[in-house]
Every structure is written in C-alpha cells, then in structure tokens.
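These are the residues of each chain, in order.
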Amino acid sequence: MAGGAPDLLVVGGGVWGTWTALHARRLGASVQLIEEREPGGPKTTSGDYSRIIRHSHGEDALLMSWTQRTLPAWKELGEQAGEQIFVESGVAWFVSGDGIWEAHSEQRMREAGVPCERITPEEALHRWPTLGTDGLTSVLYEPTAGFLRAGNGVRAAARMFEREGGVIVRGRATPAADGSALDASGAPITAGATVWAAGPWLPELFPQLVGADAEASIIPVRRDAIYFDAPNMGVGEIPTWIDEGLAVWGIPNDQGHGVKVGPEFDAGNFDPSIWPDEAHPASIARARECAVRFPALKSAPIKETRACQHERTKSGHYVLDQHPENPAIWLAGGGSGHGYKQGPMVGELMARAALNRNPVQLPDRRFKLHDRSEGPSSPMGEMGLA
C-alpha cells in the first residue's frame, strides 16, 4: 500500500471483518481495516467472553462442513497468537422436545465422520452429577466441540493482521450512493474493493438493501447473557450445553467469568449506538427460570450480566453478497446468532470474492441480497448461539 490505495478496504473490525482482512492479507493483498471501536471490545457483537462452536446444524450439511474447516482455523490462530482461543468442553444437546433437530444433526455428523454419541439421561447424570434430568429423554454429545474465547479471538486475528502487514485505522466510514466508502469528513476512501462487515450498523448504512423493508433485512435484536457465580461448574465438570425444548443454552465457568446462560428471550430491538451496561431484568429472570438443566444455577449469585445483540435475518441465513450496483462492493452481515464460529470461513469467502482471486462460488442463493432461497436453517440461530 505504502501510502497508496489499498487493494481491499474492510469496514468493521468484528469477527467477520478481521478474518476477511487477515485472509486478504495472506493472499498477498494490501489491506486497510477501518473500525470505530477496539476490535473485540466488550460493547461489540463479537466481543463477549465466549461463543459456542458446534458441528450440529440439523439437515444443513453446508454449515456443518464449514465448522469442520473453521475449527482447525481457530486452533491455528491460537497457536500463532500464543494463546488458547478454542476450549474443547464438548457440546451436549439436551433433548427435551421432539428431538427432530438433534436427530438430523446426528445423522449428518455420522455421515461426515464427526465424532458424536447419543447417551441416556442416566449416563449423562453419571458424567455430570450437577445435571437436572427432569423431562430429559436423551443427549446428543459432540466431544470435540466446545466454545471460543470470543473477544480474545477477534483481538488475536487483529494482531495477526497487523503483524503480517495489514493496517488498522480507528474511525468511521459511511457509504456513498454507489456503496463505496467515505471517511468522517465525507471524502472518498479509494480502494480496489470494499467489504462492509459493519454488523448491527449495516441496516442503517444500507437501508435499501438490508433495512427493515428489504428482502434480506437485518434487524439487530437484543439477547442478553447472564454469568452465574458457580465455581464447581467449570470445563470438565459440565459441558457446553443447549436445550432447544427449554429454549436455553450455557457455557461452563471459564477463567473465572462464571457460568454463562443465554435464554431465548428478546429484550427488544437494539440500537448499537446506545449499548446498555447490563442485561435487561427480564432476561435475568428468564435465565433463572429456564436453568433447570443445572438446578444449582437457580439460586447461584450473579457474577456479571452483559447486554448482547445479534443481527437477525428473516430466514436465519447470512447476507454475503455483492452490491447490486457496484461489483467492487460486498456486504457481509446477518450472523443471526450463530455466525461467530464461521468467522474464518466467511473471511476466506469474502476476501477471495472481493479480490477475485480464485473466488469461491457460494453454493446456493440463501446468502444473496435478493431472491433468497429457503435452504436449511438453524432454529437455534434464534437463540443467539454465535
């Protein structure tokens, strides 16, 4: 770049933006990343302590295969950055509903050779003695899955990007009429191509493409996280867990942060410019109410709460597409609560597409801005399982 226009400009330093920038740099491109806040900061979509990474995606073999590629990438990033980002806690799907989602997931994983096992409630109680088995019919267990240290992962990707010659600029960009970027003064930012990975700000930046009335609308929704002070429920003592029937999920106590519980509860729409400091009281009440899988959490002290959000699309599918009026402009958004883990894959797709270097053709229309297909989607995406 050396003072000239970069080959690629990435707007947004969340998980998708940092991985897009990192992949593009590794493809030999000059890359500039613009981020108004600190990458991986606490008041960002990608900045909480942890996010689940799982292979289970019901009938969706595509997203399962993406996880098979992204998990090694996260491990490799941790090795390069000198820190542990992926924690292999195992992921337990507690079946208390009809179990159709879990059955489809099990079939797909077995076909692909992904380790998984089906265990009885009695076996589960033997493994995890603090478990509550009321209403439990079986458990689908992924031993090689777990969770990612989310904010740490974004910060690590940003560090590697800079270490390898990428440039991060603190600031804000807005789109011109053709989708190209303008700086805070309104002056054009020249680049060979631009990827907008601005998370919850995308609907405001591109209302005609992803606003509330658009076919690929992205709506920032508030989903909070509650951390319970339960030191005897760490990694190895309980798994990362999901119960679709009870509409709740959780992550073991890690690094003293507490047991994370995420209830399926919308606490309203989310204005990313006004980020609350704590979870909504109704989210806290809901977390206690639906934490029956581990009864000790019902009375455990609360260590911390966080106001969280995810950018939900109508279908639960991501938006990964070219601007309809400018082939040099790309949009990446709508993680729909389960997109964090796919950061390495989305980043590779966007980098190759924007740079036109061995571009990867997206396999169907589910990620398009228009005429979006109704391919398989995750009901758990509605639960914020990023």
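As the structure is a computational prediction, the values presented were derived from the model and not from experiment.

Remarks on the packing of aromatic side chains
Using the criterion set out here, one finds 15 aromatic pairs in the structure. Aromatic side chains tryptophan 128 and tyrosine 141 sit 5.4 Å apart centroid to centroid with 65° between the ring planes, which places their arrangement in the edge-to-face category. Of this pair, tryptophan 128 sits in the loop between helix H4 (121-127) and strand E7 (138-142) while tyrosine 141 sits in strand E7, and the two are 13 residues apart along the sequence. A relative accessible area of 5% means that tryptophan 128 is categorised as buried. Overall, tyrosine 141 belongs to the buried group, its relative accessible area being 11%. Arranged with centres 5.3 Å apart and planes meeting at 55°, the rings of tryptophan 241 and phenylalanine 294 form a pair that is tilted. Separated by 53 residues along the polypeptide, tryptophan 241 in strand E15 (residues 240-243) and phenylalanine 294 in the loop between helix H8 (281-289) and strand E18 (302-306) bring together distant segments of the chain. Accessibility assignment for this pair places tryptophan 241 and phenylalanine 294 in one class, buried. Joined through ring pairs, the aromatic side chains of Phe94, Trp128, Tyr141, Trp241 and Phe294 make up one cluster. The residue whose ring lies beneath arginine 306 is tyrosine 49, and the NZ or CZ to ring-centre distance is 4.0 Å.

Re the nonpolar core
The biggest cluster of nonpolar side chains holds 48 residues, and the ones touching the most others in it are Leu8, Trp66, Trp74 and Leu320. Residue assignment for this core shows that the elements contributing at least two residues are strand E1 (8-11), helix H1 (15-26), strand E2 (31-35), helix H2 (61-81), helix H5 (150-163), strand E12 (193-196), strand E21 (326-333) and helix H9 (343-355). Membership of the second largest hydrophobic core comes to 25 residues, among which are Met233, Val259, Val261 and Ala291.

Quick notes on the rules
- Residues numbered from 1 in each chain as written.
- Predicted model: local features only at pLDDT ≥ 70, side-chain atom pairs only at ≥ 80, totals over all residues.
- Heavy atoms only, no water.
- Phe/Tyr/Trp six-rings, centres within 6.5 Å; stacked < 30°, edge-to-face > 60°.
- Helix = DSSP H or I, 4+ residues; strand = E, 2+ residues; numbered from the N terminus.
- Buried < 20%, exposed > 50% of the residue type's maximum accessible area, 1.4 Å probe, protein only.
- Lys NZ or Arg CZ within 6 Å of the ring centre and 35° of its normal.
- Core = buried A, V, L, I, M, F, W, Y, C linked by side-chain atoms within 4.5 Å.

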